Amino acid sequence: MPISLSATVDHFPIAGTFTISRGSKTTASVVTCTISDGTVTGRGECVPYGRYGESIESVLSEIEAARALIESGITRLDLQQSMKPGAARNAVDCAFWDLEAKRANRSAAALAGLADPIALTTAYTISLAEPEEMMAQAARYAHRELLKVKVGTADDTSRIRAVRKGAPKSSIILDANEGWTPENLALHFAVCTKAGIALIEQPLPAGRDEALGSATRSVPVCADESVHATADLKALVGRYDAVNIKLDKTGGLTEALRMREEARALGLKIMVGCMVGSSLAMAPAVLVAQGADFVDLDGPLLLAQDRSPGLRYEASLVFPPEPSLWG
């Protein structure tokens, strides 16, 4: 059957403001890719990320450049060589998975050779703010099992202590978004150890993280900006204890599943994360997150309005997607 491709831009208002060390935003702008054979349609979503040189325009351009190949009938596996890792390939790859699942009348998990997915405990993100406000945010969500806290400022010590005070029983991931330096690394490790932090995500800038190799890592450290695809993993061993797999970095579910297995083989713990997007972006990531050490798939919870149907969230759990959403 002939294949048709389309890519559109969707905007989802964020509930309040989402702030990290690099800036704030009030809207999640995503690219939705649709692949149809005239009878069955598959969808995928990506979030272009300026940190990696991406924009809505660049992602749309990448997808358009691949149109002729996709509509000529290339396979999802061919796609891995035809498009580079990143947000654009993620949207196309996940649309292919959805299309294949619906054509076969089987779940994407079954097609991938995975067991039926189960509900997972996901983190909930606390935005960067002044310490008092972060403590109030943490207290508001202290009933959640796992919090992910955005830091990366000149005064993270007070923020770490404030968040722990606000949520004394929650497990906490700290995400510094490359905001620390080799000079303040030891201080932050000491504060995190005392506060019982479970994981520190990307403390140093990507490409300038060699200090982690000689540091006494009293809290496990997870690579985010320093890792994109499977080929990056070997260089992380000895510097990092875990890797954050995001489909917008790997370029889709296909590479993410491959990366997960290689990371495990190298002895690295697995975190599966997300950008701020809708349930359509999170749905394939739920498959990658099965058995992960840390799950951070709260994107839809940060939105004022999600897609319908969306993923089901209850308490701290995110449930596998229904076929009407994806896969």
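One numbering rule holds for all chains: residues counted from 1, following each sequence as written. Where totals are concerned, whole chains, interfaces and linings use all residues; where local detail is concerned, this predicted model gives features only for residues with pLDDT of at least 70, and gives and counts side-chain atom pairs only at 80 or more. Heavy atoms throughout the structure, all of them, feed into the side-chain values; hydrogens and water do not.

Naming follows an unreviewed UniProt entry, where the chain appears as Dipeptide epimerase of Sinorhizobium americanum. UniProt positions are given in the numbering used here, feature names are shortened, and annotations may be inferred rather than shown by experiment. For the record of the chain, the UniProt heading Sequence similarities (unreviewed entry) holds the text "Belongs to the mandelate racemase/muconate lactonizing enzyme family."

Looking along the chain, the bond that leaves Ser308 and enters Pro309 is cis, with omega of 0°. Each helix is a run of H or I in the DSSP string that is no shorter than four residues. Each strand is a run of E no shorter than two, and both are numbered from the N terminus. Here Pro309 lies in the loop between β12 (294-295) and β13 (313-314). Although it is not a glycine, Asn105 sits at a positive phi angle of roughly 55°. Its place among the elements puts Asn105 in the loop between α4 (87-104) and α5 (108-111). Positive phi, normally seen in glycine, also occurs at Asn177, with a value near 45°. Position of Asn177 among the secondary structure elements: in the loop between β7 (171-175) and α8 (185-195). Burial classification: accessible surface area is computed with a 1.4 Å probe over protein chains only, and a residue below 20% of its type maximum counts as buried, one above 50% as exposed, and the rest as partly exposed. Residue classification places Asn177 among the buried residues on the basis of a relative accessible area of 4%.

For the domain bounds, the source is a domain assignment made automatically or taken from a database. According to the domain assignment, the chain contains domain 1 (4-106) and domain 2 (120-318). Taken over C-alpha atoms, the centre of domain 1 sits 23 Å from the centre of domain 2. Counting residues at the interface gives 34 residues for domain 1 and 36 residues for domain 2. The term buried area refers to how much accessible surface (probe radius 1.4 Å) is lost by two components on association, counted for both of them together. Summed over both partners, the interface of domain 1 with domain 2 comes to about 2800 Å²; 57% of that surface belongs to carbon and sulfur atoms. Should any heavy atoms of two residues lie within 4.5 Å, those residues are considered in contact.

Time to look at the UniProt feature "active site" (unreviewed entry) in the chain. The sites that UniProt annotates as "active site" (unreviewed entry) are Lys150 and Lys246. In this structure, Lys150 sits in strand β6 (residues 146-150). Take Lys150: its relative accessible area is 7%, and that puts it in the buried class. Setting aside residues no more than four positions away along its own chain, Lys150 makes contact with Phe18, Thr19, Ile20, Thr125, Ile126, Ser127, Leu128, Met134, Asp175 and Asn177. In this structure, Lys246 sits in the loop between β10 (242-245) and α10 (247-250). With sequence-adjacent residues up to four places away left out, Lys246 is seen in contact with Asp224, Gly273, Cys274 and Met275.

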